[in-house]
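As a plain string of letters, each chain reads:
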There are 2 protein chains.
Amino acid sequence: MAKGNSLGEFEHLVLLAVLRLGTDAYGMRVRREIADRTGRDVSIGAVYATLDRLADKGLVTSTLHDPTPERGGRAKRSFQLTGAGAEAVNRARQDLASMQEGQVFPHPRGAQ
Amino acid sequence: MAKGNSLGEFEHLVLLAVLRLGTDAYGMRVRREIADRTGRDVSIGAVYATLDRLADKGLVTSTLHDPTPERGGRAKRSFQLTGAGAEAVNRARQDLASMQEGQVFPHPRGAQ
DNA sequence: GGCCATTTCTACATGCTAGAAGAAATTGGG
DNA sequence: CCCAATTTCTTCTAGCATGTAGAAATGGCC
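Reading guide: rules and limits
Residues numbered from 1 in each chain as written. Chains lettered and ligands numbered in written order. Predicted model: local features only at pLDDT ≥ 70, side-chain atom pairs only at ≥ 80, totals over all residues. Heavy atoms only, no water. Helix = DSSP H or I, 4+ residues; strand = E, 2+ residues; numbered from the N terminus. Rg over C-alpha atoms; globule rule 2.2 N^0.38 Å. Buried < 20%, exposed > 50% of the residue type's maximum accessible area, 1.4 Å probe, protein only. Contact = heavy atoms within 4.5 Å. Areas by Shrake-Rupley, 256 points an atom, 1.4 Å probe, with all protein chains shown as cover. Lys, Arg positive; Asp, Glu negative; His and termini not counted. Charge placed at Lys NZ, Arg CZ, Asp CG, Glu CD. Least-squares fit on C-alpha atoms with pLDDT ≥ 70 in both. Core = buried A, V, L, I, M, F, W, Y, C linked by side-chain atoms within 4.5 Å. 1 Å grid on protein atoms, 1.4 Å probe; cavity = no way out; pocket = protein on both sides within 12 Å on 5 of 7 lines; lining within 4 Å. Points joined across faces, edges and corners; volume = space filled by probe spheres on them. Nonpolar A, V, L, I, M, F, W, Y, C, P; charged D, E, K, R; others polar. Phe/Tyr/Trp six-rings, centres within 6.5 Å; stacked < 30°, edge-to-face > 60°. Lys NZ or Arg CZ within 6 Å of the ring centre and 35° of its normal.

## Details of the overall build of chain A
In step 1: Within chain A one finds four helices and two strands.
In step 2: Each helix (α) and strand (β) of chain A, taken in turn from the N terminus, gives the series α-α-α-β-β-α.
In step 3: Taking 13 Å as the expected radius of gyration for a compact globule of 112 residues, we find that chain A reaches 17 Å, considerably beyond that expectation.
In step 4: Across its three principal axes, chain A shows a C-alpha extent of roughly 55 × 35 × 20 Å.
In step 5: Going through the 112 residues of chain A one by one, you find that 42% of them count as buried.
In step 6: Sequence-distant contacts, at least 24 apart, represent 48% of the contacts inside chain A between residues at least 6 apart.
In step 7: In the structure as shown, chain A presents an accessible area of about 6,100 Å², 49% of it carried by carbon and sulfur atoms.
In step 8: If you average the places of the 16 positive and of the 13 negative side-chain charges in chain A, the two averages end up 3 Å apart.

If you want it as structure tokens, here you go:
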């Protein structure tokens with residue numbers, strides 16, 4: 001029916017993390033960022049799977065860096081948003097905003 | 001690993017539509033609301049499947065009404081958020097807000 | 001009986017998740 | 001100096017959850 005180019009929920013969070021982290025957006029770091037900010041206990045496999053999928057869709061690209069001189073400092077692969085990635089994240093944000101505008105959110109205790 | 005009780009993207013939109021529509025939240029109406037507000041061409045099957053899943057998770061409940069006296073007016077089943085549903089929608093909102101806070105969103109044309 | 005608004009069903013595509021395995025680097029004991 | 005341990009990070013695999021489309025069924029109105 002439709003085109004169906006919309007972001008999954010976790011894809012949205014990952015894209016926001018990449019945007020926020022700038023040049024420091026590699027797998028482990030993205031995971032930590034999401035965990036710290038949302039309190040969610042994200043598995044690392046989930047993050048990489050999602051980053052790969054985003055790359056397939058052309059919403060991010062990746063660059064392989066040289067290893068840093070720290071213990072266990074393996075080479076990092078960092079990710080950047082593409083133009084399409086920026087569009088996607090903006091669109092997701094606007095769709096949610098449209099659905100929320102003028103809305104009074106109930107305190108959970110009030111509802112049933 | 002984690003608990004994994006988070007909302008999918010479409011689940012989020014549907015929940016917001018139900019909240020927004022109040023007593024008028026039945027399948028066809030929810031579909032129209034999302035289409036109107038986001039421009040997305042949602043299939044009706046998608047909406048019902050999602051509403052059913054949300055009901056299974058205890059985030060909404062449904063009530064069957066009497067048919068209205070209009071041509072073709074079959075009985076409507078309308079949905080309401082539960083307390084857990086309100087919690088879920090608030091949590092999803094806050095998680096996104098945390099990931100977005102202080103963030104400058106690029107105009108797509110500016111990026112690459 | 002045919003029409004219409006709505007819901008239900010079914011089946012497949014895509015996204016999410018977890019954890020174990022693999023790779024590349026530093027460290028420190030012998 | 002070398003090797004095994006340790007650390008950080010990435011890749012892989014496989015199963016379950018969500019998203020999507022459309023056709024079929026339902027039931028009141030005319």
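So that's the structure; there's more coming.
## Let's talk about the environment of A25 of chain B
Residue and element names in this part refer to chain B.
In step 1: For A25, the position within the fold is in the loop between α1 (9-21) and α2 (27-38).
In step 2: Each C-alpha atom, one on A25 and one on R77, is 8.3 Å from the other, the two residues being 52 residues apart in sequence.
In step 3: Dropping the residues within four chain positions of it, A25 is found in contact with V18, V30, R77, S78 and F79.

## A few points about the relation of the copies chain A and chain B
In step 1: Rotating chain A by 180° about the axis while translating it 0.0 Å along that axis superimposes it on chain B, leaving an RMSD of 0.1 Å. The two molecules are tied by a two-fold rotation axis, judged by turn and shift. Every residue of chain A has its C-alpha some distance from the rotation axis, and the shortest such distance is that of E9 of chain A, at 2.3 Å.
In step 2: Interface overlap between copies is the fraction of interface residues in one copy that are interface residues in the other; for chain A against chain B it reaches 100%, indicating a shared surface.

## Notes on the nonpolar core
In step 1: With 56 residues, the main nonpolar core has V30 and I34 of chain A together with V30 and I34 of chain B as its most contacted residues.
In step 2: Look past the residues within four positions of I34 of chain A in its chain and what remains in contact with it is F10, L13, V14, A17, G39, R40 and V42 of chain A together with M99 of chain B.

## So, empty space enclosed by the protein
In step 1: A complete count under the given rule lists two cavities of 30 Å³ or more for this structure.
In step 2: For the largest cavity, the calculated volume is near 70 Å³.
In step 3: What lines the largest cavity is E9, H12, A92 and L96 of chain A together with E9, H12 and L96 of chain B.
In step 4: Mapped onto the lining of the largest cavity, the elements with two or more residues apiece are α1 (9-21) and α4 (83-100) of chain A together with α1 of chain B.
In step 5: For the lining of the largest cavity, the per-class residue count stands at three nonpolar, two polar and two charged.

## Some details on the packing of aromatic side chains
Here the distance between the centres and the angle between the planes together describe a pair of aromatic rings.
In step 1: Under the counting rule described, the total for this entry stands at zero aromatic pairs over all chains.
In step 2: Here R93 of chain B stacks its cationic end above the ring of F105 of chain A, 3.7 Å away from the centre of that ring.

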